[in-house]
Amino acid sequence: MASIASVTLEVADPTAAEHFYAAAFGLGPELRVRASEAPTTGFRGFTLSLTVSQPSTVDSLVDSALAAGASSVKPAKKSLWGYGGVVQAPDGTLWKIATSAKKDKGPATREIDRFVLLLGAEDVLASKQFYVERGFTVGKSFGRKYVEFDTPSSPVTLALYGRHALAKDAGVPPDGTGSHRIVLDSDDGPFSDPDGFEWEKTSH
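This text gives an overview of the structure that appears in the document. Keep in mind that what you see is a predicted model, and the values were worked out from it rather than measured. (Residues numbered from 1 in each chain as written. Predicted model: local features only at pLDDT ≥ 70, side-chain atom pairs only at ≥ 80, totals over all residues. Heavy atoms only, no water.)

## Comments concerning the pattern of salt bridges
Using the criterion set out here, one finds five salt bridges in the structure. In this structure, glutamate 200 and arginine 34 form a salt bridge, with 3.0 Å as the shortest nitrogen-oxygen distance. Residue glutamate 200 is located in strand β15 (residues 198-201), and its partner arginine 34 is located in strand β2 (residues 31-35); the two are separated by 166 residues in the primary sequence. The partner of aspartate 188 in a salt bridge is arginine 134, with the nearest N and O atoms 3.1 Å apart. Placement of the pair is aspartate 188 in the loop between β13 (182-186) and β14 (191-192) and arginine 134 in the loop between α3 (124-133) and β9 (138-142), with a sequence separation of 54 residues. One connected set of salt bridges, linked through shared partners, spans Glu10, Arg34 and Glu200. (Salt bridge = Lys/Arg side-chain N within 4 Å of Asp/Glu carboxyl O. Helix = DSSP H or I, 4+ residues; strand = E, 2+ residues; numbered from the N terminus.)

## Some points on the pairing of strand β8 (residues 114-121)
Sheet faces and side chains relate simply in a regular strand, where the side chains alternate between the two faces. For β8, a buried count of seven out of eight residues is recorded, marking the element as mostly surrounded by other parts of the structure. Bridging between β8 and strand β11 (residues 157-162) involves six bridges; their strand directions are parallel. When the sheet's bridge partners are listed, leucine 119 is paired in β11 with leucine 160. (Buried < 20%, exposed > 50% of the residue type's maximum accessible area, 1.4 Å probe, protein only. Pairing = 2+ DSSP bridges.)

## Here we look at the packing of helix α1 (residues 14-24) against helix α2 (residues 55-67)
The N-to-C vectors of α1 and α2 enclose an angle of 150°; their axes lie 8 Å apart at closest approach. Classed by the angle they form, the pair α1 and α2 counts as roughly antiparallel. α2 is crossed by α1, and the crossing has right-handed handedness. Between α1 and α2, the contacting residues are Phe20, Ala23 and Ala24 on the first element and Leu61, Ser64 and Ala65 on the second. (Axes fitted to C-alpha atoms, helices over the stretch in contact; angles between N-to-C directions. Parallel < 35°, antiparallel > 145°, perpendicular 65-115°, else oblique. Left-handed = near helix turned anticlockwise from the far one by under 90°. Contact = heavy atoms within 4.5 Å.)

Shown next, in the form of C-alpha cells:
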C-alpha cells in the first residue's frame, strides 16, 4: 500500500525553519526542510493540518507558533465542525490547527493526533484516479469536493481538496504561481502528480 514517509518543505533558511518548527509544534521526522530559492508567489496549493483532541491544545499550538514567529491568518475560534485556526510559518507554509471537539475534557496537551497534507487539486476526481492507480487506497470520498486516502502505516495522511475551496478554508486568495515549495517522500517515488506536486523516492 502506498504511503507518505515524510514531507519536505523547501525553504530559504533551513536552520531558521528547523528552529521554528521545533519551537512551534515539536514535530518529528515526518517533517523535513531543505534549502531552495525556487520562485513562488501567493497560494502554494497546499496546507498542512494538525488535528488535536481539544480546543485548549489548539490554543497551545497556535500560541507557540505565533511566539516562534508565525503570523495569524485565521484566529482560532468555534465553528460548526469544531474549533481551529490557521497560521502562516515564517517560510510561508500555511498550517491549520483544529479539533472536532468544542469543549475541553482535560488539561491542554501538546499531543498531535493526526498530521494531514491537503493538496489543492484543479480536478479532484482526476487527481484521485491518479493516486488510486499509484496504489493509494481511498478512505473517504465526497464526490468532486474532498478525498482522503487510507494510509495507516504512514505518519502523514494525504487528502485532496479543490484548490479554491482549500484556499478559502485557509483564509487566503487562491491565486499563486511558481514552485509549490514542497516535496513528498514515498517508497513509490519519483513522480509528479496532475497538479505538479513532486514525489521523491524515500532516502531515509
